[in-house]
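# Examining the three-dimensional arrangement
What follows is the residue order along each chain.
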Amino acid sequence: MLKFVIIAIVIIALLALILANIRVVPQSKAYVVERLGTFYSTWQTGLHVKVPFVDRIVKIVSLKEQVVDFKPQPVITKDNVTMQIDTVVFYQITDPKLYTYGVESPISAIENLSATTLRNIIGELELDSTLTSRDTINAKIRVILDEATDPWGIKVNRVELKNIIPPREIQDAMEKQMKAERERRESILRAEGEKQSKILVAEGHKESKILEAEAEKQSAILHAEAVKEAKIREAEGEAEAILKVQQATADAIKLLNEADAKEAVIKIKALEAFEKAADGQATKIIIPSEIQGLAGLAEGITESIKK
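Before going into details, it helps to say that this report is about the structure given with it. Each chain carries its own residue numbering, running from 1 in the direction its sequence is written. Owing to the predicted nature of the model, reporting of local features is limited to residues with pLDDT of at least 70; listing and counting of side-chain atom pairs is limited to 80 or more, with chain, interface and lining totals taken over all residues. Here the side-chain values reflect all heavy atoms present in the structure, with hydrogen atoms and water set aside.

## Some thoughts on the nonpolar core
In this structure, Ile85, Val89, Leu118, Ile137, Ile141 and Leu161 are the most contacted members of the largest nonpolar core, which totals 30 residues. A run of DSSP states H or I qualifies as a helix once it reaches four residues; a run of E qualifies as a strand once it reaches two. Both are numbered from the N-terminal end. Put simply, the parts of the chain that give this core at least two residues each are strand 8 (82-93), helix 3 (106-122), helix 5 (134-149) and strand 9 (154-165). Side-chain atoms within 4.5 Å are what join buried Ala, Val, Leu, Ile, Met, Phe, Trp, Tyr and Cys residues into a set we call a nonpolar core. We call a residue buried when its accessible area falls under 20% of the maximum for its residue type, exposed when it is over 50%, and partly exposed in between, using a 1.4 Å probe and counting protein chains only.

This is how it looks when you write it as structure tokens:
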């Protein structure tokens, strides 16, 4: 019975030992393994089994891109201005073996290297250039760090200057300058606004005058058209009246001709027409010779009757 218990214990111990030495490497991770104190292998994603008491996992490395934010570093520009600059480095481990055995403290090494590189670059620039050349500085630091960290199995993807902090007196001067610049731009914008307002008012006044003149022009045209139409209608009325009078006269003559009227009748009609003409406002009347003779005849007849 004791024998079976011992065998069971041994089996359980062996199973526990085997299970304890089974490793599953997750995605974006790498395990650096040593065998008897010497680098043996780099385990990538998947299932792995290490030999108990022989193999040892010395480092678990993340293959993701990582970010490290370094504290501000004092640097001196070419024109002897001391400022504080802190940097942010984006890096990625490309070779876990070199990262494990290449340098003792990779992050500390990168920090010191970036600080030294930053001092060298800023030392060649003046204050104004430093403040306006961030992209150039970032690119130069990245190239230098990437080349220096390559033997460590590290690739520097990007470097950013997070803050550039000049001395207090320079900050005050810069703030005053920016305030003056803002006030200048505000004055320019205000002047431009007033100018645009005046232009709009002038354009509106001009447009109003144009519309007013156009209205007067249209009114004059309409009035002239109305006068013209009235005169045309008046002339047409007079012409129509003349035509009717002439037509009536022609009809009367036609009727007289058809009735074979005697000369005496015609002369009487002439007298009637003369009577109507004499009733007018004319100061001079020209009497036809026929009517004069007829008047004399009438006068002679009147005298004979009286006698």
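## Here we look at the packing of aromatic side chains
Think of it this way: a Phe, Tyr or Trp ring, Trp meaning its six-membered ring, pairs with another when their centres are within 6.5 Å, and the plane angle makes it stacked under 30 degrees, edge-to-face over 60, tilted otherwise. Taken as a whole and assessed by the stated rule, the structure comprises 1 aromatic pair. When the centroid spacing of 6.0 Å and the interplanar angle of 80 degrees are considered together, the rings of Phe39 and Tyr101 count as edge-to-face. Residue Phe39 is located in strand 3 (residues 38-43), and its partner Tyr101 is located in helix 2 (residues 96-101); the two are separated by 62 residues in the primary sequence. The class for Phe39 is partly exposed, based on a relative accessible area of 28%. Classification of Tyr101 as partly exposed rests on a relative accessible area of 40%. Distance and angle both matter: a charge sits over a ring if NZ of Lys or CZ of Arg is within 6 Å of the ring centre and within 35 degrees of the ring normal. Seen from the ring of Tyr40, Arg35 lies directly overhead, with NZ or CZ sitting 3.8 Å from the centre. Looking at Arg158, its charged tip hangs above the ring of Phe90, at a distance of 4.0 Å from the centre.

## Here we look at the packing of helix 3 against helix 5
Where helix 3 contacts helix 5, the axes come no closer than 10 Å and their chain directions differ by 140 degrees. In terms of their interaxial angle, helix 3 and helix 5 are classed as oblique. Read as a crossing pair, helix 3 and helix 5 show a hand that is right-handed. Every residue of helix 5 that contacts helix 3 at Ile110, Leu113, Ser114, Thr117, Leu118, Ile121 and Ile122 is listed here: Ile137, Lys140, Ile141, Ile144, Leu145, Ala148 and Thr149. Angles here are taken between N-to-C directions and fall from 0 to 180 degrees, while the axes themselves are lines fitted to C-alpha atoms, restricted in helices to the stretch in contact. For classification, angles of less than 35 degrees are called roughly parallel, those exceeding 145 degrees roughly antiparallel, those between 65 and 115 degrees roughly perpendicular, and all remaining angles oblique. Should the near helix be turned counterclockwise from the far one by less than a right angle, the crossing is left-handed, whereas a clockwise turn marks it as right-handed. The contact rule is simple, with two residues in contact once any of their heavy atoms fall within 4.5 Å.

## Some details on the pattern of salt bridges
We count a salt bridge whenever a side-chain nitrogen from Lys or Arg sits within 4 Å of a carboxyl oxygen from Asp or Glu. For the coordinates displayed, the defined rule picks out 9 salt bridges. A salt bridge links Glu181 to Arg184, with the shortest nitrogen-to-oxygen separation between them at 2.6 Å. Pair noted here: Glu181 and Arg184 are both in helix 6 (residues 168-259), with a separation of 3 residues, about one helical turn. Each of the salt bridges in this network shares a partner with another, and the network as a whole consists of Glu181, Arg184 and Arg185.

## Focus: a nonpolar patch on the surface
For patch detection, residues must exceed 30% relative accessible area and be free of salt bridges, and they are connected within 9 Å for like charges or within 5 Å for nonpolar side chains (Val, Leu, Ile, Met, Phe, Trp, Tyr). All accessible areas in this document rest on Shrake-Rupley with a 1.4 Å probe, and a residue is counted as covered only by the protein chains that are shown. Residues Leu2, Val5, Ile6, Ile9, Val10, Leu14, Leu17 and Phe53 make up a contiguous nonpolar surface patch of roughly 800 Å² in combined accessible area. Along the polypeptide, Phe53 turns up in the loop between strand 4 (46-49) and strand 5 (55-62). Phe53 gets classed as exposed once you look at its relative accessible area, which sits at 77%.

## Examining the environment of Leu125
Along the chain, Leu125 falls in the loop between helix 3 and helix 4 (127-132). Residue classification places Leu125 among the buried positions, given a relative accessible area of 19%. Sequence-wise, Leu125 and Ile137 are 12 residues apart; in three dimensions their C-alpha atoms are separated by 9.9 Å.

## Re the sheet that holds strand 5
Any two strands between which DSSP finds at least two bridges are classified as paired. Spatially, 3-2-5 is the arrangement adopted by the 3 strands of the open sheet, whose pairing is antiparallel. On the outer flanks of this sheet lie strand 3 and strand 5, each paired with one strand and no other. Across the sheet, the mean angle from the axis of one strand to that of its neighbour is 25 degrees, orientation sign disregarded. In this structure, strand 2 (residues 29-35) lies alongside strand 5, joined through 7 bridges in antiparallel fashion. Its bridge partner lying in strand 5, Tyr31 is registered against Ile60.

## Concerning unusual backbone geometry
Positive phi is not limited to glycine here, since Phe53 has a value of about 65 degrees. Within the chain, Asn80 stands out as a residue other than glycine whose phi angle is a positive 60 degrees. Among the structural elements, Asn80 can be located in the loop between strand 7 (73-76) and strand 8.

## Focus: the side chain of Asn21
By secondary structure assignment, the location of Asn21 is in the loop between helix 1 (2-20) and strand 1 (22-25). When near neighbours in sequence (up to four residues on either side) are disregarded, Asn21 contacts His48, Val49, Lys50, Val51 and Pro52.

## Considerations on the environment of Tyr91
Within the secondary structure, Tyr91 is located in strand 8. Judged by its relative accessible area of 4%, Tyr91 is buried. Residues Tyr91 and Val159, spaced 68 residues apart in sequence, show a C-alpha to C-alpha distance of 8.8 Å. Leaving out residues up to four positions away in the same chain, Tyr91 has contacts with Lys64, Glu65, Gln66, Val68, Ile107, Ile154, Lys155, Val156 and Asn157.

These values are about where atoms sit, not about what they do.
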